[in-house]
Amino acid sequence: MLADQEINEIAVRRFYQALTTGELTLADEALAADWESFPPLRTGTGPDGWKGTITHLRGAFSELTAEIQDVVVSGDRVAVRSVTRARHTGELLDVAGTGGEVEFRAADFHRLAGGRITQTWHLEDYFGLARQLGLEFTRGA
């Protein structure tokens, strides 16, 4: 019989596996029906919100992989440091696919109950990703 912390880690790993493989049913296995993300996803809450984000990202990026680099499990919390690599082949941030390879890092903090993720706090290097897509940032006057 698996301990609660092992069950929690398995659920979190499924969350990232869904992004890498595009297997949307993994979202149903990983997430509670009322899962919420902070900041909120444009695609909504619950497993359907994550499925929408997966579909969007896999449409913008081919060869997408989300590699877990560190996992720390403490009770009902799981922290993950990850790196996502892909080829930018579709529109993202109003930038048409460039064909270029991108890499961006994230840190996520998940809360779980009953072996499902109920909340996720997501911090991602959006600035670094935007720079890789060719977006330039200048200081305002």
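Everything below is about the structure printed above this text.
Quantities reported herein were computed from a predicted structural model and do not represent experimental measurements.

Enquirer: Looking at this structure, how should I read the sheet that holds strand S3 (residues 77-88)?
Expert: Backbone hydrogen bonds are what pair the strands of a sheet, in a parallel or an antiparallel way. Judged by pairing direction, the sheet is mixed, and its five strands sit side by side in the order S1-S5-S4-S3-S2 without closing on themselves. At either margin of the open sheet sits one strand with a lone partner, and together these are strand S1 (31-38) and strand S2 (61-74). In this sheet, adjacent strand axes meet at a mean angle of 25° when their direction is disregarded. Judged from the eleven bridges that link them, S2 and S3 form a sheet pairing that is antiparallel. Within the sheet, the bridge partner assigned to Phe61 lies in S3 and is His88. This element, helix H1 (residues 4-21), spans S1, S2, S3, strand S4 (101-113) and strand S5 (116-124) of the sheet and lies at about 165° to S2. Packed onto the sheet, helix H3 (residues 46-60) meets S1, S2 and S3 and runs at close to 60° relative to S1.

Enquirer: What am I meant to see in the side chain of Asp108 here?
Expert: With respect to the element layout, Asp108 can be found in strand S4. At a separation of 2.3 Å, a polar atom in the side chain of Asp108 contacts the side chain of His122. The residues contacting Asp108, other than those within four sequence positions of it, are Tyr16, Val78, Ala79, Val80, Thr120, Trp121, His122 and Leu123.

Enquirer: Is there a simple way to explain the packing of H1 against H3 in this structure?
Expert: Look at H1 against H3: their axes get within 9 Å of each other, and the N-to-C directions meet at 35°. Seen from above, H1 lies across H3 with right-handed handedness. Here Phe15, Ala18, Leu19, Thr20 and Thr21 of H1 come into contact with H3, specifically with Trp50, Ile54, Leu57 and Arg58.

What counts, and where the lines are drawn
Residues numbered from 1 in each chain as written. Predicted model: local features only at pLDDT ≥ 70, side-chain atom pairs only at ≥ 80, totals over all residues. Heavy atoms only, no water. Pairing = 2+ DSSP bridges. Helix = DSSP H or I, 4+ residues; strand = E, 2+ residues; numbered from the N terminus. Axes fitted to C-alpha atoms, helices over the stretch in contact; angles between N-to-C directions. Contact = heavy atoms within 4.5 Å. Polar contact = N/O pair within 3.5 Å; in protein donor to acceptor, adjacent residues only side chain to side chain. Left-handed = near helix turned anticlockwise from the far one by under 90°.

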